[in-house]
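Descriptive analysis of the structure
The residues making up each chain are set out below.
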Amino acid sequence: MVVAGSVGVKKTARIVYLTLFATASSIGLSACQSDPDIDITKLTGETESPDTLYNQGLANLSAGKATEASRKFEAVDRQNPFSEQARKSLIMLAFTNYRQGRTEEAIAAGKRYLVLYPGSADAPYAQYIVGLGYWKQIPSVTQDQRASQQTIEAMQAVVDNYPDSEYVEDAHAKIRFARDQLAGKEMQVGRYYLERKEYIAAASRFRIVVEKYPMTNQIEEALARLVETYYAMGVDSEAQTAAAVLGHNYPDSQWYADSYKLLQTKGLEPRENSGSWIARAGKKLIGA
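Predicted model only: the values in this text are computed from it and were never measured. Numbering of residues starts from 1 in each chain and follows the order in which that chain's sequence is written. Only residues with pLDDT of at least 70 are given local features in this predicted model, and only at 80 or more are side-chain atom pairs given and counted; all residues enter the totals for whole chains, interfaces and linings. For side-chain calculations, the full set of non-hydrogen atoms in the structure is used, while hydrogens and water are omitted.

Let us look at the overall build of the protein. Scanning the protein for helices and strands turns up 14 helices and 0 strands. The way it works is that DSSP assigns letters per residue, a run of H or I at least four long becomes a helix, a run of E at least two long becomes a strand, and they are numbered from the N terminus. Reading the helices (α) and strands (β) of the protein from amino to carboxyl end gives α-α-α-α-α-α-α-α-α-α-α-α-α-α. Only protein chains enter the accessibility calculation, which uses a 1.4 Å probe; a residue whose area is less than 20% of its type maximum is buried, one above 50% is exposed, and one in between is partly exposed. For the protein, the residues scored as buried account for 42% of the 288 residues in total. Contacts: residue pairs with any heavy atoms within 4.5 Å of one another. Contacts in the protein between residues far apart in sequence, at least 24 positions, make up 58% of those at least 6 positions apart. When the accessible surface of the protein is summed, it comes to about 16300 Å², and 54% of that surface belongs to carbon and sulfur atoms. Each accessible area value is a Shrake-Rupley result obtained with a 1.4 Å probe; residue values ignore everything except the protein chains displayed when judging cover.

Put into structure tokens, the structure is as follows:
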């Protein structure tokens, strides 16, 4: 009796379990079919191999379906984080995000790749993507230039850490652009102070451009503005030195012609004072 009773209990329990399982499965399937927040394609995606997901990502990218490609690359990284396909997917995710204009996501993926695979063959490209992400965020000179500084730092890392990579030439170009932007911001602020006749503040901004950003497209105007500022302050020697440095390096510049004309209104001419900071800085200029 005990044995029979035990078998009966087990049989009854099994029937109850199967009934509950069938009911739960029916409810779950119904929910999947009716709930708009559940993507049923992802239910089968969990069983796909890293190779399959990675190749699907490449196929989607080739077909112009960048969003779908990102999802596939993310799935590889999420499901198989230590696989070779995850490494390749992460660099492709950085590229795909950048291509979609998702610069913050591209930067994050690039930085993560560099942490995980610093010595890999794709590390230079990851660093380059980080730099491109910041470069894309650079605004006009009227706005904050934090992205310009970040671009310089990221692209300089390409130049310093991967000097033989194919990205070095463009990294240099992006650095020059970012430095032009930083110099342009200083010029904007300097002109603002000059218009308000706050000459000391204006001169300090123009000096930053001459000393810190001599290899930029702002240098000619910066020197001319120093002539104007020092002339207005009555510091004739510095005004003459700024004009002399400007004329020596850029004799055909309209900025030099205007500076020369300004000095002549007081009977002055360009004359370099070798002891001036402007003369010392002039040795680093583009035309020096």
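There is more to say, and it comes next.
The subject of this paragraph is helix α5 (residues 84-99). Expected span, for any helix, means 1.5 Å times one less than how many residues it has. Between its terminal C-alpha atoms α5 stretches 23 Å, which fits the 22 Å expected from 16 residues at 1.5 Å a residue. Of all the 16 residues making up α5, 12 are buried; the element is thus mostly covered by neighbouring parts of the structure. Along α5, the positions that sit buried rather than exposed are Q85, A86, R87, S89, L90, I91, M92, L93, A94, T96, N97 and Y98. Contacts made by the buried residues of α5 are with α3 (50-62), α4 (66-79), α6 (103-116) and α7 (123-136).

Attention now moves to a nonpolar patch on the surface. Judged by side-chain polarity, I200, M233 and V235 come together as a nonpolar surface patch covering roughly 260 Å² of accessible area. The exposure class of V235 is partly exposed, given its relative accessible area of 31%. In this analysis, a patch consists of residues with relative accessible area above 30% that form no salt bridge, clustered at 9 Å for like charges and at 5 Å for the nonpolar side chains Val, Leu, Ile, Met, Phe, Trp and Tyr. Counted as salt bridges are all cases of a side-chain nitrogen of Lys or Arg within 4 Å of a carboxyl oxygen of Asp or Glu.

Lines are fitted to the C-alpha atoms to define the axes, a helix being fitted only along its stretch in contact, and any angle between axes, read from their N-to-C directions, falls within 0 to 180 degrees. Taken N-terminus to C-terminus, the directions of α6 and α7 make an angle of 155°; their axes are 8 Å apart at the nearest point. When the axis of α6 is compared with that of α7, the two are roughly antiparallel. In this structure, α6 meets α7 at a crossing whose hand is left-handed. The segment α6 lies against α7, with T103, A106, I107, G110, K111, Y113 and L114 engaging A123, A126, Q127, I129, V130, G133, Y134 and K136. Working definition: roughly parallel below 35 degrees, roughly antiparallel above 145 degrees, roughly perpendicular at 65 to 115 degrees, and oblique for all remaining angles. The sense of a crossing depends on the near helix, which, turned anticlockwise from the far helix by less than a right angle, makes the crossing left-handed and, turned clockwise, makes it right-handed.

Attention now moves to the environment of E220. Assignment of secondary structure puts E220 in helix α11 (residues 219-233). Residue class for E220 comes out partly exposed when judged on its relative accessible area of 26%. In this structure the C-alpha to C-alpha distance between E220 and Y250, which are 30 residues apart in sequence, comes to 7.5 Å. A distance of 2.7 Å separates a polar atom in the side chain of E220 from a polar atom in the side chain of S253. Any N or O atom pair separated by 3.5 Å or less is treated as a polar contact, with the protein-specific requirement of one donor-capable and one acceptor-capable atom, and with residues adjacent in sequence counted only for side-chain atom pairs.

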